[in-house]
Amino acid sequence: MPLSKLNNEQYSAATAAFGYNLVIASAGTGKTSTIVARIAHLLNLGTKPENIMLLTFTNKAATEMIDRLNRFFDKKITSKITAGTFHAVSYTLLKKLGKNVVLKQPSELKTLLKSLVERRKFNHLSDVKPYGGAYLYDVYSLYQNTQLDEDFYTYFCKNNGDQAVYAEIYDDVLKEFEIEKEKFGYVDFNDLLIKMREILKSGTDVRFDEILIDEYQDTNTLQGSLIDAFNTKSLFCVGDFDQSIYAFNGANIEIIGSFKQRFENAKIYALNVNYRSSSSILALANKVIQNNPRLYPKNLVVSREGKFKSPSLLVYNELFDQYVSIADIISLSPYKREDIAIIFRNNSSADGLELALKERNIASKRKGGISFFESREVKAIIDLLGIFINPKDIMAFIHVLEYAKGVGSAMSKELFDDLLKLGHGSVVYGLISPDMSVSLKKAKKQNIQLGLFDDIDDFGEISKFKALDFSEQFHSHPILKKEKLSENGAIFLYEIYNLINNLRLIKYPAQAINEIKNSKIFAYIVDILATKRATLKNGNVDMSLKNEANERIMRKAQLLADISRNYSDIEKFYNFIALGSGEMSEGEGVSLLSVHASKGLEFSQVFVVDLAQNRFPNLKLMAMGGSLEEERRLFYVAVTRAKDELYLSYAKFDKVKKVNYQPSCFLVEAGMAKAGSVV
């Protein structure tokens, strides 16, 4: 059983009495084993699996823990445990409660918000350039994750200086945004948590005997409020304040720091035996992190025996020399490529490293690159399918119409709203069989204070599209009377109309994807993407590059069709794409990782690069709301990814920016460099 393999500290934590338990699990001390053992202990005590909730920060982590439990318990038991991310669990519970929610990615809802912002006037208030819809969405998201009691208007005025002149408009736009989302049943990741919290506060009976929380130090205020709303009598929280590195995303270190004060009779346990790193690597990490305030006592010890190479400092004259030298070291490394990682604080570091590795034919995988499902061609196929699957999917509709020249987000939304009226709530019916008796005339709306203005849209005659090769039925479509509808917009609508008519006769996902892949609307989109990717700096289009781009696009479309063959239901396949594509494998080779991406991973050989003052710690990000303590925690996370060998490096000069660098203060704190030294 899982409990039999635990050390004394892990066993004490895993078998703690029901109540409020916090386990401080430093890097490499076996937190996953402890959480798995805790769940096993609960099951052995007779706790029903359906009364256990496990909250993690990735679905992959939850899957790994349940897989470990499957070695000791029947899957019929473990499958009843509610496990996953805060968002995935909330989504599951909302569905069980019969709530109709349609999850949309932030990129999609940013498009919706952008369409609302574009309809507002700002220039009459100030010469300051107002926020675009995408940035306003991020500001609003941070507000939702960090604030409980303060209204958005007050919060925004406090935190956004000269933009406060637009605060009333932003507040009104966001209220309209919430109404639009509610109308279509759309939710984003924040909404899942907010709706779940509201249901719990309303008195709905959703009870768990114990809630276990992994990576507790990264919990933000919104997540913390959701945990509180469950009002469980037993919490098992596992985390490490020294690895709290998500303040930029709203993580609130005070949640773990105030655990003992917030919960009566709370118990604190510590895992102090490190099974990952050599003694010299761990000593270096501890020496630096000790400069941060201690929230809870620690006394880390090393379990690994044997001789290991001490951490090395590599100093270079120029930035790119650093990358080339590291690539050379890796080319001679005795470790497997998959056991090597290069960790950086700034994304700009990865470009030079990737190039240097490629020149030496060293395979690498760069965390954070554009995934298959994030590529524009794949998104276009999914959006075309989305229009058919969900006739109220405004985001899919806007995304497709963005490819039509002369049709922006605001116009796309107008077309969508009109088609929705013509189809009595269904864009599909609005396109293929519109109600000709429906009037599309709009009531005038004006409120200068809130940036609203009249949207005069006189309706003309369909005759302006008479020369286009449309079917007789579509030539009489009321939507073609819109005065501002461009020829490209009309063509795109017609090809969507044709595609939907064909999709109505199809049952299986693979057939649907192939129908989309071979449609004229997708051919238009492919041509636009391929042309853009083949356009040179002088504006000319390289036809050989365009052909290559076209081939790559169609190869991805075919791959999507191949994947869809594993599904017999179109809607289930569509939901899989929307919910399950975020954690795909990124290939093999040396891992190029930002510090944040490296968290939770371990490698035999690790290089932490660009440890120069201003770059790591990143003084620019510190000035934007970060802190030296957070940067120090990032350093701690980076170096504790290493098991056997650790290389720290920096360059004294950047010939592109013409900037000289001093060694990072963390190198000074580690005793590997002197303050102000460039040697």
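Rules used throughout
Here the residue numbers are simple positions, counted from 1 along each chain's written sequence. A pLDDT threshold of at least 70 governs which residues receive local features in this predicted model, and a stricter bar of 80 or more applies before side-chain atom pairs are shown or counted, although totals over entire chains, interfaces and linings include all residues. With hydrogens and water set aside, each side-chain value is computed from the structure's full complement of heavy atoms. Strands here mean DSSP runs of E at least two residues long; helices mean DSSP runs of H or I at least four residues long; both are numbered from the N terminus. Radius of gyration: C-alpha atoms only; globule rule: 2.2 Å multiplied by the number of residues to the exponent 0.38. Working definition: with a 1.4 Å probe on protein chains only, accessible area under 20% of the residue-type maximum means buried, over 50% means exposed, and in between means partly exposed. Residue burial considers only the protein chains on display, and all accessible areas are found by Shrake-Rupley using a 1.4 Å probe. The charged-residue count follows a simple rule in which Lys and Arg add positive charge and Asp and Glu add negative charge, with His and chain termini not counted at all. Charge positions come from single atoms, namely NZ of Lys, CZ of Arg, CG of Asp or CD of Glu. Whether two residues are in contact is decided by their heavy atoms: any pair within 4.5 Å suffices. Note on geometry: axes are C-alpha line fits, over the in-contact stretch for helices, and angles between N-to-C directions span 0 to 180 degrees. Orientation is classified from the angle alone, with under 35 degrees giving roughly parallel, over 145 giving roughly antiparallel, 65 to 115 giving roughly perpendicular, and any other angle giving oblique. Note on convention: near helix rotated counterclockwise from far helix by under a right angle means a left-handed crossing. Clockwise means right-handed. By the convention used here, strands pair only if DSSP detects at least 2 bridges between them. Given a helix with a known number of residues, its expected span is that number minus one, times 1.5 Å. The criterion for an aromatic pair is that two Phe, Tyr or Trp rings (for Trp, the six-membered ring) have centres within 6.5 Å, with stacked assigned to planes under 30 degrees apart, edge-to-face to planes over 60 apart and tilted to the rest. What the arc describes is the spread of directions from the helix axis to the C-beta atoms. Between N or O atoms, a polar contact is any pair within 3.5 Å; within protein, one atom must be a potential hydrogen donor and the other a potential acceptor, and residues adjacent in sequence are included only when both atoms are from side chains. The handedness of a crossover follows from its direction of travel: if, with the strands pointing away from the viewer, the path from the first strand over the helix to the second runs clockwise, the crossover is right-handed. Under this grouping Gly is polar, as are all residues other than the nonpolar Ala, Val, Leu, Ile, Met, Phe, Trp, Tyr, Cys and Pro and the charged Asp, Glu, Lys and Arg.

## Re the overall build of the protein chain
- Along its length, the protein chain carries 30 helices and 18 strands.
- For 679 residues, the compact-globule estimate of 2.2 N^0.38 gives 26 Å, and the C-alpha radius of gyration of the protein chain, at 28 Å, lies within 12% of that figure.
- Overall, the protein chain is about 85 × 60 × 55 Å in size when its C-alpha atoms are taken along their principal axes.
- Relative to its 679 residues, the protein chain shows a buried fraction of 52%.
- For the protein chain, the exposed surface amounts to about 31400 Å²; the carbon and sulfur share of it is 50%.
- Across the protein chain, 87 positive and 82 negative side-chain charges occur, with their mean positions spaced 3 Å apart.

## A short note on the environment of isoleucine 513
- On the secondary structure map, isoleucine 513 appears in helix H23 (residues 509–517).
- For the pair formed by isoleucine 513 and asparagine 272, sequence separation is 241 residues and the distance between their alpha carbons is 53 Å.
- Residues contacting isoleucine 513, with those up to four places away along its chain left out, are Ile381, Leu385, Ala557, Leu560, Ala561, Ser564 and Phe573.

## Focus: the packing of helix H7 (residues 133–146) against helix H8 (residues 152–159)
- Where H7 contacts H8, the two axes come as close as 11 Å, and the packing angle between them is 110°. Here H7 lies roughly perpendicular to H8, going by the angle between them. The handedness of the crossing between H7 and H8 comes out as right-handed. The segment H7 lies against H8, with Leu136, Val139, Tyr140, Leu142, Tyr143 and Thr146 engaging Phe152, Tyr155 and Phe156.

## Quick word on the sheet that holds strand S15 (residues 603–608)
- The strand order across the open sheet built from 6 strands is S11-S16-S15-S12-S14-S13, with neighbouring strands paired in parallel fashion. One side of each edge strand has no neighbouring strand; the edge strands of this open sheet are strand S11 (312–316) and strand S13 (364–366). Pairs of neighbouring strands in the sheet enclose a mean axial angle of 20°, with direction left out of account.
- Alignment of S13 against strand S14 (residues 590–594), held across 3 bridges, turns out to be parallel. If you follow serine 364 over to S14, its bridge partner there is valine 590.
- Where helix H29 (residues 628–639) meets the sheet, it contacts strand S12 (340–344), S15 and strand S16 (642–651), and its direction lies at approximately 130° from that of S16.

## Focus: the sheet that holds strand S8 (residues 267–271)
- Pairing is parallel across the open sheet formed by 6 strands, whose spatial order is S3-S2-S6-S7-S1-S8. What marks the edges here is a single partner per strand, and that holds for strand S3 (82–85) and S8. Neighbour-to-neighbour, the strand axes of this sheet turn through a mean angle of 15°, independent of strand direction.
- The pairing of strand S2 (residues 52–56) with strand S6 (residues 210–213) spans 4 bridges and is classified as parallel. Looking at S6, one finds that methionine 53 is bridged to isoleucine 211.

## Re the side chain of serine 591
- Tracing the backbone shows serine 591 in strand S14.
- Classification of serine 591 by relative accessible area gives buried; the value is 4%.
- Residue contacts for serine 591: discarding those within four places in its chain leaves Ile340, Ala341, Ile342, Lys365 and Phe603.

## Regarding helix H17 (residues 376–389)
- Between its terminal C-alpha atoms H17 stretches 19 Å, which fits the 20 Å expected from 14 residues at 1.5 Å a residue.
- The element H17 is extensively covered by neighbouring structure, given that 11 of its 14 residues are classed as buried.
- Listing the buried residues of H17 in full gives Glu377, Val378, Ala380, Ile381, Ile382, Asp383, Leu384, Leu385, Gly386, Ile387 and Phe388.

## What to know about the packing of aromatic side chains
- Scanning all chains against the criterion turns up 33 aromatic pairs.
- With centroids separated by 4.9 Å and ring planes inclined at 50°, the aromatic side chains of phenylalanine 259 and phenylalanine 263 adopt a geometry described as tilted. In terms of burial, phenylalanine 259 and phenylalanine 263 fall into one category: buried.
- Relative to phenylalanine 666, the ring of phenylalanine 635 has its centre 5.4 Å away and its plane inclined at 35°; by these criteria the two rings are tilted. Of this pair, phenylalanine 635 sits in helix H29 while phenylalanine 666 sits in helix H30 (residues 665–669), and the two are 31 residues apart along the sequence. Phenylalanine 666 matches phenylalanine 635 in its accessibility class, with the two residues each being buried.

## Remarks on H8
- Where H8 is concerned, the buried positions are Phe152, Tyr155 and Phe156. For H8, the arc enclosing every buried residue in end-on projection is 95°, short of the 170-degree limit, so these residues lie on one face.
- Those residues of H8 that are buried lie in contact with H7 and helix H9 (167–184).
- Residue aspartate 151 occupies the N-cap position of H8, its side-chain oxygen lying 3.1 Å from the main-chain nitrogen of tyrosine 153.

## So, the pairing of S6
- Residue alternation in S6 divides its side chains into two sets, Glu210 and Leu212 and Ile211 and Ile213, and both sets are buried.
- Both S6 and strand S7 (residues 235–239) contribute to a ladder of 3 bridges, which runs parallel. Considered in S7, the bridge of leucine 212 is made with phenylalanine 236.
- In the classification by handedness, the crossover that spans S6, the intervening helix H11 (residues 221–230) and the parallel S7 is right-handed.

## Things to note about the pairing of S7
- Summarising burial for S7: 5 of the 5 residues are buried, a large majority.
- Residues of S7 alternate between two faces, with Leu235, Cys237 and Gly239 on one and Phe236 and Val238 on the opposite face, all of them buried.
- Bridge count for strand S1 (residues 20–25) against S7 is 5 bridges, and the pairing is parallel. Note on S7: the bridge partner recorded for asparagine 21 is phenylalanine 236.

## Topic: the packing of H17 against H23
- Look at H17 against H23: their axes get within 10 Å of each other, and the N-to-C directions meet at 115°. Taken together, H17 and H23 sit at an angle that is classed as roughly perpendicular. Crossing of H17 against H23: the hand is right-handed. Two secondary-structure elements touch here, H17 through Ile381, Leu384 and Leu385 and H23 through Ala512, Ile513 and Ile516.
- Along the lines of polarity and charge, the residues of the contact of H17 with H23 split into 6 nonpolar, no polar and no charged.

Geometry only, nothing functional implied.
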